[in-house]
Amino acid sequence: MGKALVVFGSTTGNTESVAEVVAKTLEGEGMVVDLQNAAAVNVAGLATGYDLVVFGCSTWGDDEIELQEDFVPLFDNLDQAGLTGKRVAVFGCGDSSYTHFCGAVDAIAEKAMALGAKVIDLPLKIDGSPDAAEAQSWAKDVLRSAA
Ligand SMILES: Cc1cc2nc3c(=O)[nH]c(=O)nc-3n(C[C@H](O)[C@H](O)[C@H](O)COP(=O)(O)O)c2cc1C
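Residues numbered from 1 in each chain as written. Predicted model: local features only at pLDDT ≥ 70, side-chain atom pairs only at ≥ 80, totals over all residues. Heavy atoms only, no water.

Chemist: I'm lost on unusual backbone geometry in this one. Help?
Modeler: In terms of backbone geometry, most residues other than glycine have negative phi values and most peptide bonds are trans. Unusually for a residue other than glycine, C102 sits at a positive phi of about 50 degrees. Here C102 lies in the loop between β6 (87–94) and α3 (103–114). Exposure remark for C102: the relative accessible area of 1% places this residue in the buried category. (Helix = DSSP H or I, 4+ residues; strand = E, 2+ residues; numbered from the N terminus. Buried < 20%, exposed > 50% of the residue type's maximum accessible area, 1.4 Å probe, protein only.)

Structure, rendered in structure tokens:
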């Protein structure tokens, strides 16, 4: 099945809780999974050795899309992560009352695609409080799409 990396940026813990469910679900499906907080990652070669990279990031800001702050250095240096040819999936928590609902998810997917990643066309945008069942089912769908 292979190896997956799940990296999240989360301020109040919502995206973190989804990342934990995603990581557990992928493990349950037979993958070896590393779960990392974006605040602590070393971007250079981040994706090396992984068959699947899952990015989770909440959206902040008002008129403009702002990525969760811990994710910003990773986003800015994403070209160093070695994403070319990698399967990538993106999720995030947000609030649909904002203009750019989960804009961070789109921004990360677009950048990864521009860097040559095989972005799985299955963004998960969570409105409000995360639901574990939704995260679980998404992780399984991602695996199916990545197969
Ligand atoms: C000041 C502020 C700005 C926000 N801006 C956005 C936004 O532009 N788009 C969006 O979808 N959600 C926005 N949100 C909602 C957060 O993304 C949401 O609360 C999310 O669950 C936080 O996830 P986290 O705990 O993983 O950081 C904003 C929330 C706050 C408090």
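Having seen the model, we can carry on.
Chemist: Help me understand the environment of L74 in this model?
Modeler: Mapped onto the fold, L74 is located in helix α2 (residues 72–76). Take L74: its relative accessible area is 2%, and that puts it in the buried class. Counting along the chain gives 58 residues from L74 to E16, while the straight-line C-alpha distance between them is 16 Å. Those residues in contact with L74 that sit more than four places away from it in its chain are V7, A38, V41, V43, L46 and F55. (Contact = heavy atoms within 4.5 Å.)

Chemist: Sorry if this is basic, but what is going on with helix α4 (residues 132–146) here?
Modeler: In an α-helix, one full turn covers 3.6 residues, which means residues spaced three or four apart are oriented alike. With 15 residues, α4 ought to run about 21 Å at 1.5 Å a step, and its terminal C-alpha atoms sit 21 Å apart, in line with that. Of all the positions in α4, only A135, W138, A139, V142, L143 and A146 are classed as buried. Taken down its axis, α4 places every buried residue within 140 degrees of arc, on the same side. Of the surrounding secondary structure, the elements contacted by the buried residues of α4 are α1 (14–28), β3 (52–57), β6 and β8 (124–127). (Expected span 1.5 Å × (residues − 1). Arc of directions from axis to C-beta.)

Chemist: What is the right way to read the environment of G61 from this model?
Modeler: Its place among the elements puts G61 in the loop between β4 (59–60) and β5 (66–67). The sequence separation of G61 and T99 amounts to 38 residues, and the corresponding C-alpha distance is 9.7 Å.

Chemist: When you look at the packing of aromatic side chains in this model, what are you seeing that I'm missing?
Modeler: Given two aromatic rings, their pairing is described by the distance between the two centres and the angle made by the two planes. For the structure on display, the rule yields two aromatic pairs. Taken together, a centroid distance of 5.8 Å and an interplanar angle of 85 degrees make the contact between F55 and F71 edge-to-face. Here F71 lies in the loop between β5 and α2 and F55 lies in strand β3, a separation of 16 residues in the sequence. For F55, a relative accessible area of 0% corresponds to the buried category. F71 gets classed as buried once you look at its relative accessible area, which sits at 0%. Seen from their ring centres, F91 and W138 are 5.6 Å apart, and the 65 degrees between their planes marks the pair as edge-to-face. Taken together, the residues span a long stretch of sequence, with F91 in strand β6 and W138 in helix α4 at a distance of 47 residues. (Phe/Tyr/Trp six-rings, centres within 6.5 Å; stacked < 30°, edge-to-face > 60°.)

Chemist: Mind showing me how you'd approach the site of the ligand here?
Modeler: Close contacts around the ligand come from 17 residues, with S10, T12, T15, S58 and T59 the closest. Note that an oxygen atom of the ligand is positioned 2.7 Å from one of the side-chain N or O atoms of S10. Contacts to the ligand include G13, whose backbone N or O atom sits 3.1 Å from an oxygen atom. Burial of the ligand by the protein chains amounts to 82% of its free accessible area of 640 Å². Those elements that provide at least two residues to the shell around the ligand are α1, β4 and β6. Of the residues assigned to the shell around the ligand, the class counts are five nonpolar, eleven polar and one charged. (Near = heavy atom within 4 Å. Polar contact = N/O pair within 3.5 Å; in protein donor to acceptor, adjacent residues only side chain to side chain. Areas by Shrake-Rupley, 256 points an atom, 1.4 Å probe, with all protein chains shown as cover. Nonpolar A, V, L, I, M, F, W, Y, C, P; charged D, E, K, R; others polar.)

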